[in-house]
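# What the coordinates show
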Amino acid sequence: MTIPSKCTHGSLLSKDPRTLQRNRSEYRFQLYGLIAVITGVLVLILLLTSIFASGYSAFQQTKVLVTLELPEAKLDKSGVRNIAIMKKVSTIGYSKVLGNGLRNQLEKLNIKTDLKDKKIRDILSKESAATLRKLVLKDPSLVGTTISIKLLVNGRIDGYFKGRVDRETAILDKYVSPEQLDIADALTKKGLMSKTFNWGFIFSPDASGQRPEAAGLGVAILGSLYMMLVVLFVALPVGVAASIYLEEFAPKNRITDIIEVNISNLAAVPSIVYGILGLAIFINLAQFNQSSPLVGGLVLSLMTLPRIIIPARAALKSVPPSIRDAALGVGASRMQTVFHHVLPLAAPGILTGIIIGLAQALGETAPLLLIGMVAFVREYPAAFTSEAGLFGEASTALPVQVFNWTQRSDPAFVERASGAIIVLLVFLLVMNAVAIFLRRRYERRW
């Protein structure tokens with residue numbers, strides 16, 4: 001019987017120095033990865049916290065309940081309630097009515113002040129006169145009666161209730177005074193002035209620099225919707241058709257290799273280059289109207305095409321070859337194989353790429369700036385189905401509106417810019433959630 005020699009390498013249960021060194025290296029790598037993830041999450045939390053801290057107040061707006069007499073002598077001297085005649089009374093005339101009404105209300109509430117009528121009227125937003133004028137022109141029977149209406153206050157008064165303005169800064173501010181803040185405090189105690197949810201921030205159009213409290217995202221949201229529809233109807237069929245052809249039907253030769261390389265290169269081209277291309281082709285050459293939704297949508301379509309084609313091709317390539325072989329084996333044609341078997345299995349990946357491409361297009365700013373979509377748009381554009389709405393009227397978009405507001409000096413616009421970023425993030429979050437849902441809903445196992 002042969003006695004086995006003693007093992008010189010030690011027990012398998014004991015770790016040698018090289019094994020310990022490998023384990024330490026693995027632990028360090030895991031630690032580095034964990035630190036990187038935690039750092040990224042902390043930076044994201046810091047960014048979101050900063051945005052929400054600056055922008056959540058944009059969703060609240062201070063309003064005051066004012067009781068006004070609408071004198072016929074000032075608003076309709078003819079007394080016949082003719083809209084054409086009543087339109088001749090400008091917002092200046094309505095501003096005087098507001099000043100007198102607010103002065104009378106302060107006297108009835110026993111709120112004493114030495115301010116003149118103009119300074120009292122300046123507590124209200126400059127938009128208030130236009131709001132009252134629209135209300136009267138919509139219902140001329142209000143003339144000669146007394147009404148109670150909630151109106152926007154001045155941006156500085158609103159900032160006072162949001163913590164941006166205090167009495168020390170009001171002394172040096174030409175747009176507000178400590179006496180006006182005293183009146184605001186008194187009206188608040190009477191329950192006539194308070195903060196409410198700012199629906200106007202979502203649905204109202206933009207406003208001039210003198211009335212930041214009235215600025216809204218309505219036109220920008222509608223403009224983004226118009227452009228996304230153009231991108232959807234242009235980039236979606238072209239991108240999916242190109243990916244199907246290149247992956248399933250195109251011969252593998254030098255020409256297709258060049259096309260594939262160029263598609264990959266176009267996906268990495270800075271977005272501002274697409275703006276230059278759109279300016280040259282769609283505006284200078286095709287003579288489309290500058291800043292129309294069609295031009296913006298076409299520029300974003302060019303930018304989105306590579307970002308749709310590449311994920312779509314990857315989704316088609318991920319379908320096992322056995323699916324194609326089985327379909328061809330039972331007599332299906334090449335087209336039947338692709339559209340009846342391959343495409344349904346690749347649909348989740350294709351849909352995910354499309355939605356992510358649209359989400360990226362929604363947040364683009366640089367190409368839209370180059371084609372002139374920085375115009376101040378005070379009124380809603382025409383319907384998308386009309387020629388004016390699609391080709392003619394100037395429009396804007398959410399990211400461009402953020403850029404515009406950050407260029408204005410009033411702190412209220414900075415607040416609204418952060419609020420607009422929150423709205424944009426919500427849209428992007430919803431679109432990515434839809435992509436995840438569609439992927440899981442239609443995903444098939446093979």
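A few points on the structure. These figures come from a predicted structure and were not determined experimentally.

## Side note on the overall build of the protein chain
- Summing up its helical and strand segments, the protein chain has 20 helices and three strands in all.
- For a compact globule of 446 residues, the expected C-alpha radius of gyration is about 22 Å, and the protein chain comes in at 32 Å, more than 25% above that figure.
- Its C-alpha atoms put the protein chain at 120 × 65 × 35 Å along the principal axes.
- Looking at the protein chain as a whole, 43% of its 446 residues are labelled buried.
- When contacts within the protein chain are restricted to residue pairs at least 6 apart in sequence, long-range pairs at least 24 apart make up 78% of them.
- For the protein chain, the exposed area adds up to about 24,800 Å²; of that, 63% sits on carbon and sulfur atoms.

## Focus: the packing of helix α19 (residues 398-406) against helix α20 (residues 411-442)
- Remark: α19 packs on α20, axes separated minimally by 8 Å, with the N-to-C direction vectors making an angle of 165 degrees. Comparing their axes, α20 and α19 come out roughly antiparallel. For the pair α19 and α20, the sense of crossing is left-handed. Mapping the contact onto sequence places L398, V402, W405 and T406 in α19 and F413, R416, A417, A420, I421, L424 and F427 in α20.
- Broken down by class, the residue content of the contact of α19 with α20 amounts to nine nonpolar, one polar and one charged.

## Here's the deal with the packing of aromatic side chains
- A full pass over the atoms with the stated rule returns five aromatic pairs.
- Taking 5.2 Å as the distance between ring centres and 80 degrees as the angle between the ring planes, the aromatic pair formed by F59 and F201 counts as edge-to-face. With F59 in the loop between α1 (17-55) and β1 (60-69) and F201 in helix α10 (residues 199-203), the pair connects residues that are 142 residues apart, well separated along the chain.
- The exposure class of F201 is buried, given its relative accessible area of 0%.
- Here R408 stacks its cationic end above the ring of F413, 4.6 Å away from the centre of that ring.

## Topic: the packing of helix α11 (residues 218-249) against helix α16 (residues 334-362)
- Here α11 crosses α16 at 140 degrees, and the two axes come no closer than 9 Å. Judged by the inter-axis angle, α11 sits oblique to α16. Crossing hand, α11 versus α16: right-handed. Contacts between α11 and α16 pair S224, M228, V231, L232, L236, V240, I244, E248 and F249 from the former with R334, M335, V338, F339, V342, L343, I350, I354, L358, A361 and L362 from the latter.
- Of the residues that constitute the contact of α11 with α16, the class distribution is 17 nonpolar, one polar and two charged.

## Digging into the pattern of salt bridges
- Using the criterion set out here, one finds 17 salt bridges in the structure.
- Members of the salt-bridge network, linked through shared partners, are D158, K162, R164, E415 and R416.

## Let's talk about helix α9 (residues 178-189)
- The first and last C-alpha atoms of α9 sit 17 Å apart over twelve residues, in line with the 16 Å expected at 1.5 Å per residue.
- Structurally, α9 contributes buried residues whose contacts are with β1, α4 (91-108), α5 (117-121), α7 (155-162), α8 (167-172) and β3 (193-197).

## A look at the side chain of T352
- Relative to the elements of secondary structure, T352 occurs in helix α16.
- Not counting residues within four places of it along the chain, the set of residues in contact with T352 comprises A435 and R439.

## Description of the environment of M335
- With respect to the helices and strands, the residue M335 is situated in helix α16.
- In this structure the C-alpha to C-alpha distance between M335 and A397, which are 62 residues apart in sequence, comes to 40 Å.

## What about unusual backbone geometry?
- Its identity is not glycine, yet N110 carries a phi of approximately 60 degrees, on the positive side.
- Here N110 shows up in the loop between α4 and α5.
- Within the chain, Q287 stands out as a residue other than glycine whose phi angle is a positive 65 degrees.
- Along the chain, the position of Q287 falls in the loop between α13 (271-285) and α14 (293-317).

## Re the pairing of β1
- Sheet topology note: the β1/β3 ladder contains five bridges and is antiparallel. For T62, the partnering residue across the bridge sits in β3 and is K195.
- Bridge count for β1 against strand β2 (residues 146-152) is seven bridges, and the pairing is antiparallel. Paired with K63 across the strands is L152, a residue of β2.

## Some points on a nonpolar patch on the surface
- A contiguous nonpolar patch, built from L31, Y32, L34, I35, V37, I38, V41, L42 and I45 and spanning about 850 Å² of accessible area, is present on the exposed surface.
- Of note, I45 is situated in helix α1.

## Brief notes about the environment of D182
- Mapped onto the secondary structure, D182 falls in helix α9.
- Put simply, D182 and P399 are 217 residues apart on the chain and 38 Å apart in space, counted from C-alpha to C-alpha.

## Looking at the sheet that holds β3
- One open sheet holds the three strands; their spatial order is β2-β1-β3, and the pairing between them is antiparallel. The two strands at the open ends of the sheet, each matched to only one other strand, are β2 and β3. Taking each pair of neighbouring strands and ignoring which way they run, the sheet shows an average axis angle of 35 degrees.

Rules used throughout
- Residues numbered from 1 in each chain as written.
- Predicted model: local features only at pLDDT ≥ 70, side-chain atom pairs only at ≥ 80, totals over all residues.
- Heavy atoms only, no water.
- Helix = DSSP H or I, 4+ residues; strand = E, 2+ residues; numbered from the N terminus.
- Rg over C-alpha atoms; globule rule 2.2 N^0.38 Å.
- Buried < 20%, exposed > 50% of the residue type's maximum accessible area, 1.4 Å probe, protein only.
- Contact = heavy atoms within 4.5 Å.
- Areas by Shrake-Rupley, 256 points an atom, 1.4 Å probe, with all protein chains shown as cover.
- Axes fitted to C-alpha atoms, helices over the stretch in contact; angles between N-to-C directions.
- Parallel < 35°, antiparallel > 145°, perpendicular 65-115°, else oblique.
- Left-handed = near helix turned anticlockwise from the far one by under 90°.
- Nonpolar A, V, L, I, M, F, W, Y, C, P; charged D, E, K, R; others polar.
- Phe/Tyr/Trp six-rings, centres within 6.5 Å; stacked < 30°, edge-to-face > 60°.
- Lys NZ or Arg CZ within 6 Å of the ring centre and 35° of its normal.
- Salt bridge = Lys/Arg side-chain N within 4 Å of Asp/Glu carboxyl O.
- Expected span 1.5 Å × (residues − 1).
- Pairing = 2+ DSSP bridges.
- Patch = residues over 30% accessible without salt bridge, like charges linked within 9 Å, V, L, I, M, F, W, Y side chains within 5 Å.

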